[in-house]
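Structural features, examined
Residue strings, one per chain:
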Amino acid sequence: MLTAALQTPVPAVTYSVSQLSEIIAPIKTVRLTRDRERDAAMMSWLLEQGDLAVCPKGTTCREPYLLRFSPLFAELADDMEPVALDARVTSLYGTTASGRKWLDPVAFFANPAPAYRVEFLGAVPWDRTRAEGRTGQEVANWVQQRLGEALGFECTWLMM
């Protein structure tokens with residue numbers, strides 16, 4: 001949806017997408033490994049190529065919650081713009097917590113009337129970035145709060 005809204009391809013990194021979802025995705029997707037150093041190196045390399053969509057851990061909850069975000073994205077760049085993506089489904093969730101993740105796209109496409117909302121929330125203010133002395137956790141919490149407000153979701157916090 002982000003690529004469609006921007007009308008330009010933007011690769012995405014994510015923690016939890018099935019191989020089938022990666023194959024059928026209309027954009028380049030890169031699976032993160034949960035190895036912090038490896039993921040940081042991959043994200044840094046992708047950022048050198050241009051824009052990058054980051055789907056932080058904690059964003060695929062079925063309930064109206066945003067689980068705590070990993071601060072890794074906030075530790076790699078100060079120039080960022082949160083984008084709230086809300087996929088509404090009518091009957092089946094396309095987010096399996098574990099197990100048969102390959103069924104996620106099948107379940108998602110089985111919805112008779114899915115709806116999407118894309119909301120650009122503006123750049124993270126410079127005084128809220130690591131460049132101005134904030135920790136990665138503080139930046140991640142601020143971004144999470146902005147996304148939660150835009151989506152009407154309750155946030156869980158990354159403790160500092």
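Above this text is the structure in question.
An account of the accompanying structure is given in this report. (Residues numbered from 1 in each chain as written. Predicted model: local features only at pLDDT ≥ 70, side-chain atom pairs only at ≥ 80, totals over all residues. Heavy atoms only, no water.)

**Some points on the nonpolar core**
With 25 residues, the main nonpolar core has Val13, Met43, Phe69, Phe73, Met80, Val143 and Leu147 as its most contacted residues. Going through the elements one at a time, α3 (36–49), α4 (72–76) and α6 (136–151) are the ones with two or more residues in this core. Per-element accounting of this core gives the leading share, 7 residues, to α6. (Core = buried A, V, L, I, M, F, W, Y, C linked by side-chain atoms within 4.5 Å. Buried < 20%, exposed > 50% of the residue type's maximum accessible area, 1.4 Å probe, protein only. Helix = DSSP H or I, 4+ residues; strand = E, 2+ residues; numbered from the N terminus.)

**So, α3**
In this model α3 runs 20 Å from its N-terminal to its C-terminal C-alpha over 14 residues, within 8% of the 20 Å that 1.5 Å per residue would give. Contacts made by the buried residues of α3 are with β1 (12–14), β2 (29–31), β3 (53–55) and α4. Downstream of α3 by a residue or two, glycine 50 has a phi angle that is positive, lying close to 145°. (Expected span 1.5 Å × (residues − 1). Contact = heavy atoms within 4.5 Å.)

**Regarding the pattern of salt bridges**
Where charged atoms of side chains with opposite charge meet at close range, the side chains can pair. Applying the stated rule across the entire model yields 5 salt bridges. Residue aspartate 86 is joined to arginine 117 by a salt bridge in which the shortest nitrogen-to-oxygen separation is 4.0 Å. Residue aspartate 86 is found in strand β5 (residues 83–88), and its partner arginine 117 is found in strand β6 (residues 115–120); the two are separated by 31 residues along the sequence. We note a salt bridge from glutamate 149 to arginine 146, for which the minimum N-O separation is 3.6 Å. Taken as a pair, glutamate 149 and arginine 146 lie in helix α6 at a separation of 3 residues, close to a single helical turn. For arginine 146, a relative accessible area of 25% puts it in the partly exposed group. Ionic contacts of the salt-bridge type, sharing partners, join the residues Asp86, Arg117 and Glu119 into one network. (Salt bridge = Lys/Arg side-chain N within 4 Å of Asp/Glu carboxyl O.)

Distances and angles like these do not, on their own, reveal function.
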